[in-house]
Amino acid sequence: RLVEEAQSRRTPAERFIDRFAAWYTPAVVLMALLVAVVPPLFFGAPFLDLADGTRGWLYRALALLIVACPCALVISTPVTVVSALTGLARRGVLVKGGVFLDVLARVRVFAFDKTGTLTRGTPVVMQTLTLDCPPGADRCAACDEMLALASAVEQRSEHPLAQAIVAETQQRQLAHLYPAASEVTALAGRGVHGWVNGSRLTIGSHAHSHAAFEEHADLHAHIEQAEAQGHTVMLVSQDEKVLGFVSVADQLRATSQAALQALKAMDPGYRLVMLTGDAPGVAEKIAAGIGVIDEVRSGLLPDDKLETVRRLQAQYGPTAMVGDGVNDAPALAAAAVGVAMGGAGTAQAMETADVVLMQDDLGHLPDAVRTS
């Protein structure tokens, strides 16, 4: 059904051909009629073929009509577009209209979200640390307490980082300590907060927590060390006090490096940009693992991603945004072509995007670009 809807959205080339054919076809028919009628009526030329093999003007008019007929011109464009749309759909790429194939062919910049797009989107907890932890301890009662409180809030969220905290809490068998938080509110691009046993719990990014709460100097040093290792750090605060932090790490998708290298191989002029809300150290480590990223923009909120896409389009021309989350939806809508990850992507991202990689495989992106 979606492919059929896509086929109804015609490309500019198709619309031009239709407008052209609306004038060209009647003109050719009129010309053929004049060729058939004028010479016999006004110049005594034969209308039908003669016995000696001389062609009559009816035959010549039919020859003109066949040679000048725009059928091939009119049919070729929609057939090509439909063939491309259905071929890509069979290979797991849903393009929501021929017009987006037309635009994708002119894209010069590809902007990629990091978490869930370039990376697997299933991070795992690497470290928990509180102000009360004994020196050198990998795990203590204070860490477990903080993790259980964080999980009470994060179990209401579908974000990959939240799921990592919940999974670690279940693994440590701490899920029973606190009930699910109430009045949970997402802080777009910054974190989430809710109420647990009468206390206001906030789990937020390092940048957000650094600005909102007083941070202990020793804790800050450990945070910088974790970020230098490529970990994403989330600070846990109770009321107005920072309890500690949880660091998580994500891994590159198996297809990310090959997909981006394939894009560069197709056209070295393509500019590949990574957009992320993570700290610069985390972003740079992921970019280094891929190797062909031209530019990294980190610490971005959803509004920042939107503004970045607009600036890229103003500077370089048509830009494609590739993402998977709710936070990516505004940028997907603003881009010349929005591309969503289908398997792990959110409903908002897939609804907003113009192209959906249904098999959640970035390896299909170069195929879609090549087809366009």
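Structural data are supplied above this passage.
A brief look at the structure comes next. Just so it is clear, the model here is predicted, and its values are computed rather than measured. (Residues numbered from 1 in each chain as written. Predicted model: local features only at pLDDT ≥ 70, side-chain atom pairs only at ≥ 80, totals over all residues. Heavy atoms only, no water.)

### Some remarks on the sheet that holds strand E10 (residues 295-297)
For clarity, the cut-off: Here, a strand pair is defined by DSSP locating no fewer than two bridges between the strands. A run of DSSP states H or I qualifies as a helix once it reaches four residues; a run of E qualifies as a strand once it reaches two. Both are numbered from the N-terminal end. Angular values range over 0 to 180 degrees, each being the angle between N-to-C directions of two axes fitted as lines to C-alpha atoms, with helices fitted over their stretch in contact. Between two residues, a contact is recorded if the distance between any of their heavy atoms is within 4.5 Å.
The seven strands lie next to each other as E1-E13-E12-E11-E2-E9-E10, forming an open sheet whose pairing is mixed. Single-partner strands in this sheet number two, and they are strand E1 (93-95) and E10. Across the sheet, the mean angle separating the axes of adjacent strands is 20 degrees when strand polarity is ignored. The sheet strands contacting helix H13 (residues 302-316) are strand E2 (109-113), strand E9 (271-275), E10 and strand E11 (319-323), and the helix crosses E9 at an angle near 165 degrees.

### Section: helix H10 (residues 217-228)
Note the threshold: A helix is expected to reach a length of 1.5 Å times the quantity of its residues less one. Working definition: with a 1.4 Å probe on protein chains only, accessible area under 20% of the residue-type maximum means buried, over 50% means exposed, and in between means partly exposed. Within this analysis, the arc is defined by the directions that extend from the helix axis to the C-beta atoms.
Helix length check: H10 (12 residues) gives 17 Å between terminal C-alpha atoms against 16 Å at 1.5 Å per residue, within 8%. Within the span of H10, buried status applies to Leu219, Ile223, Ala226 and Glu227. For H10, the buried positions fall inside an angular range of 95 degrees around the axis, keeping them on one side. Residues of H10 that are exposed and angled more than 90 degrees away from the buried face: Ala217, Asp218 and Ala228.

### What about the packing of aromatic side chains?
The following threshold applies: Centres within 6.5 Å are what make two rings of Phe, Tyr or Trp a pair, Trp counting through its six-membered ring; a difference in plane orientation under 30 degrees is then read as stacked, over 60 as edge-to-face, and the rest as tilted. Sitting over a ring, as applied to charges here, requires NZ of Lys or CZ of Arg to be within 6 Å of the ring centre and within 35 degrees of the ring normal.
In total, this model carries two aromatic pairs according to the counting rule given. Judged by centre distance (5.1 Å) and plane angle (15 degrees), the rings of Phe20 and Tyr24 are stacked. Of this pair, Phe20 and Tyr24 both sit in helix H2 (residues 12-43), four residues apart, which is roughly one turn of the helix. Residue class for Phe20 comes out partly exposed when judged on its relative accessible area of 33%. With 5.2 Å between their ring centres and 80 degrees between their planes, Phe110 and Tyr270 make a pair best called edge-to-face. Pair noted here: Phe110 is in strand E2 and Tyr270 is in the loop between helix H11 (256-266) and E9, with a separation of 160 residues, a long-range link. Both residues of the pair, Phe110 and Tyr270, belong to the buried class. Looking at Arg55, its charged tip hangs above the ring of Tyr59, at a distance of 4.2 Å from the centre. In this structure, Arg60 is placed above the aromatic ring of Trp57, and the distance from its NZ or CZ to the ring centre is 4.6 Å.

### Quick look at unusual backbone geometry
At Gln173, a residue that is not glycine, the phi angle is positive and equals roughly 60 degrees. By secondary structure assignment, the location of Gln173 is in the loop between helix H8 (160-171) and strand E4 (182-187). Even without glycine at this site, Glu183 takes up a positive phi of about 50 degrees. Note on placement: Glu183 falls in strand E4.

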